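Report on the structure
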Amino acid sequence: PLSAEAEESESIAFELKRLMAEAELFKLFVPEEYGGTGIKSVFICIAREELSKVSNQADDIFAMVGLGTLGISLSGTEAQKRKHLPRVARGEVLGSFALTEPNAGSDIAGIQTRANLIGECYIVNGEKIFPTCAGIADIWLVFAKTDPAQGRRGISTFIVEPNNMPGIHIDRVPMLAGPPEFSVTFSDVALPKDNLVGMEGDGWQISLSTLNIMRVTVGAACLGIAQAAFQEALSYAQKRIA
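Calculation rules
- Residues numbered from 1 in each chain as written.
- Predicted model: local features only at pLDDT ≥ 70, side-chain atom pairs only at ≥ 80, totals over all residues.
- Heavy atoms only, no water.
- Axes fitted to C-alpha atoms, helices over the stretch in contact; angles between N-to-C directions.
- Helix = DSSP H or I, 4+ residues; strand = E, 2+ residues; numbered from the N terminus.
- Parallel < 35°, antiparallel > 145°, perpendicular 65-115°, else oblique.
- Contact = heavy atoms within 4.5 Å.
- Nonpolar A, V, L, I, M, F, W, Y, C, P; charged D, E, K, R; others polar.
- Buried < 20%, exposed > 50% of the residue type's maximum accessible area, 1.4 Å probe, protein only.
- Polar contact = N/O pair within 3.5 Å; in protein donor to acceptor, adjacent residues only side chain to side chain.
- Phe/Tyr/Trp six-rings, centres within 6.5 Å; stacked < 30°, edge-to-face > 60°.
- Expected span 1.5 Å × (residues − 1).
- Arc of directions from axis to C-beta.

With that settled, the discussion passes to the packing of helix α2 (residues 13-22) against helix α4 (residues 56-75). Closest axis-to-axis distance for the α2/α4 pair is 10 Å, and the angle between their directions is 75 degrees. When the interaxial angle is binned, α2 and α4 end up roughly perpendicular. Contact residues: α2 offers Ala13, Leu16 and Met20, while α4 offers Gln57, Ala58, Ile61 and Phe62. Here the contact of α2 with α4 is composed, by residue class, of 6 nonpolar, 1 polar and no charged.

What follows is the structure, encoded as structure tokens:
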């Protein structure tokens, strides 16, 4: 019901999330034991195809919840899963995926953001670009190097809950349409050791495991957009008087 408004406004994101939560769509990103339906790429594809037929922004928000939380479902500790995943399943969480950097896009191994363990905290410094919904998200999945000498094997993954966290600076990136995009700078951001997902050095595999699930669903979303475009063109062709 909010399709038309969503295409004209970025401020409708939380209302779109509420509607998808009522439809229990976010359960598709959560294992059954934490309140979800289990993670099946085919089901996520079906959801993205159908959402894309009616609202590209709703589909993007749905996808970002997956990107921002699947790493916890796949590799998180038991404590992390119990803390976050029931909320994901209930649709209470908006996620963001902070991997891309100004000098590292497809080349994940080239990221420069650092996370140094000092005492009981990881101190994070660096910059991320295009983490969709970051400025309004509750959870970010952030990738940083804990051991730069190891290249891609030195990448680790962290859960960041950005609200009121010192050292995080967020800038808007102007976009023509769709959900909001941002750039994020970390300046001596202190993350508790418990925010590490998996082990140090697991970040490469966590990113690929997440992307391997979500990349195939992009094709499904494109199919939904194509179906909507075809139906619009057909309807216009049948009504147009030339």
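The next subject is the side chain of Asn195. Topologically, Asn195 is positioned in the loop between β7 (181-192) and β8 (196-197). Overall, the relative accessible area of 14% leaves Asn195 in the buried class. Engagement of the side chain of Asn195 in a polar contact is seen with the backbone oxygen of Ile159, the distance being 2.7 Å. Ignoring any residue separated from it by four or fewer positions in sequence, one finds Asn195 in contact with Gln80, Thr157, Phe158 and Ile159.

Moving on: the packing of helix α3 (residues 41-54) against α4. Relative placement of two packed helices is described by the angle separating their axes and the distance separating the axes. Packing of α3 against α4 leaves a shortest axis separation of 6 Å and a crossing angle of 150 degrees. Classified by the angle their axes make, α3 and α4 are roughly antiparallel. Residue-level contacts link Ile44, Ala47, Arg48, Leu51, Ser52 and Val54 of α3 to Asn56, Ala58, Asp59, Asp60, Phe62 and Ala63 of α4. Class assignment for the residues of the contact of α3 with α4 results in 7 nonpolar, 2 polar and 3 charged.

This next bit is on the environment of Leu94. Looking at the secondary structure, you find Leu94 in the loop between α5 (78-89) and β1 (95-98). Judged by relative accessible area, Leu94 falls into the buried class, the value being 0%. Remark: the alpha-carbon pair of Leu94 and Asp194, spanning 100 residues in sequence, is separated by 21 Å. In this structure Leu94 touches Phe14, Lys17, Ile61, Val65, Cys133, Ile136, Ala137, Asp138 and Ile139, once residues within four positions along its chain are discounted.

Right, let's get into the environment of Leu16. Relative to the elements of secondary structure, Leu16 occurs in helix α2. When its relative accessible area of 6% is taken as the criterion, Leu16 is described as buried. C-alpha of Leu16 to C-alpha of Asp59: the two residues are 43 residues apart in sequence and 9.5 Å apart in space.

This part covers unusual backbone geometry. At Cys133, a position not held by glycine, the phi torsion is positive, near 70 degrees. For Cys133, the position within the fold is in the loop between β3 (121-129) and β4 (139-145). Residue Cys133 is classed as buried on the basis of its relative accessible area of 0%. Despite not being glycine, Asn164 has its phi angle at roughly 60 degrees, a positive value. Looking at the secondary structure, you find Asn164 in the loop between β5 (155-160) and β6 (168-173). A residue is classified by how much of its surface remains accessible, and Asn164, at 79% relative accessible area, is exposed.

According to the stated counting rule, one finds 5 aromatic pairs in the structure shown. Judged by centre distance (6.0 Å) and plane angle (85 degrees), the rings of Trp140 and Phe186 are edge-to-face. Residue Trp140 is located in strand β4, and its partner Phe186 is located in strand β7; the two are separated by 46 residues in the primary sequence. Here Phe186 falls in the buried class, since its relative accessible area comes to 3%.

As a further point, take α5. With 12 residues, α5 should cover 16 Å at 1.5 Å per step; its first-to-last C-alpha distance of 16 Å lies within 8% of that length. Residues of α5 that are buried include every one of Gln80, Lys81, His84, Leu85, Val88 and Ala89, and no others. For α5, the buried positions fall inside an angular range of 130 degrees around the axis, keeping them on one side. Exposed and oriented more than 90 degrees from the buried face of α5 are Ala79 and Arg82. Structurally, α5 contributes buried residues whose contacts are with α4, β4, β5 and β8. At the exit of α5 stands Gly91, carrying a positive phi of roughly 80 degrees.

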